[in-house]
Amino acid sequence: MLTRRWAGFLVLVGVWTWVIWPRFGKAIWDDPRSWAGNGGAPTGFLWIHALLIGASLAIGTAVGVLGVRGWRAVSKKD
């Protein structure tokens, strides 16, 4: 059984994920190590970070959705 407090925590984790990771993605995009030469092809550095960011956003979204669903389920019982 999920409590309202834990459901709220999960929602906050989901929101936190969407606040932090896009900013990190922008920093990686602007990093010269992400590109081969001047405006060249993407490097492995960019691809691995894009994969990590995508996975983190997917997990954060899933956790946030579970938190919202848990919050609603607890609210219906009250």
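Check the entry above for the structure.
Overview of the packing of aromatic side chains
Applying the stated criterion to the full structure yields three aromatic pairs. Measuring from centroid to centroid gives 5.5 Å for Trp6 and Phe9, while their planes differ by 90 degrees, and the two rings are edge-to-face. Placement of the pair is Trp6 and Phe9 together in helix H1 (residues 4–30), with a separation of three residues, close to one helical turn. Accessibility expressed as a relative area gives 43% for Phe9, which makes it partly exposed. Relative to Phe24, the ring of Trp21 has its centre 5.4 Å away and its plane inclined at 85 degrees; by these criteria the two rings are edge-to-face. Taken together, the residues span about one helical turn, with Trp21 and Phe24 both in helix H1 at a distance of three residues.

Structural notes on the pattern of salt bridges
Throughout the structure, instances matching the rule amount to two salt bridges. Measuring nitrogen to oxygen at the nearest pair gives 2.5 Å for the salt bridge that ties Lys26 to Asp30. Taken as a pair, Lys26 and Asp30 lie in helix H1 at a separation of four residues, close to a single helical turn. With a shortest N-O distance of 2.7 Å, Arg33 and Asp31 are connected by a salt bridge.

A short note on the environment of Asp31
Locating Asp31 in the fold gives a position in the loop between H1 and helix H2 (44–77). In this structure Asp31 comes out as buried when scored by relative accessible area, which is 13%. Separated by 36 residues in sequence, Asp31 and Gly67 have C-alpha atoms that sit 34 Å apart.

Examining a nonpolar patch on the surface
Together, Val15, Trp16, Val19 and Ile20 make up an exposed nonpolar region whose accessible area comes to about 380 Å². Locating Val15 in the fold gives a position in helix H1. Take Val15: its relative accessible area is 48%, and that puts it in the partly exposed class.

Reading guide: rules and limits
Residues numbered from 1 in each chain as written. Predicted model: local features only at pLDDT ≥ 70, side-chain atom pairs only at ≥ 80, totals over all residues. Heavy atoms only, no water. Phe/Tyr/Trp six-rings, centres within 6.5 Å; stacked < 30°, edge-to-face > 60°. Helix = DSSP H or I, 4+ residues; strand = E, 2+ residues; numbered from the N terminus. Buried < 20%, exposed > 50% of the residue type's maximum accessible area, 1.4 Å probe, protein only. Salt bridge = Lys/Arg side-chain N within 4 Å of Asp/Glu carboxyl O. Patch = residues over 30% accessible without salt bridge, like charges linked within 9 Å, V, L, I, M, F, W, Y side chains within 5 Å. Areas by Shrake-Rupley, 256 points an atom, 1.4 Å probe, with all protein chains shown as cover.

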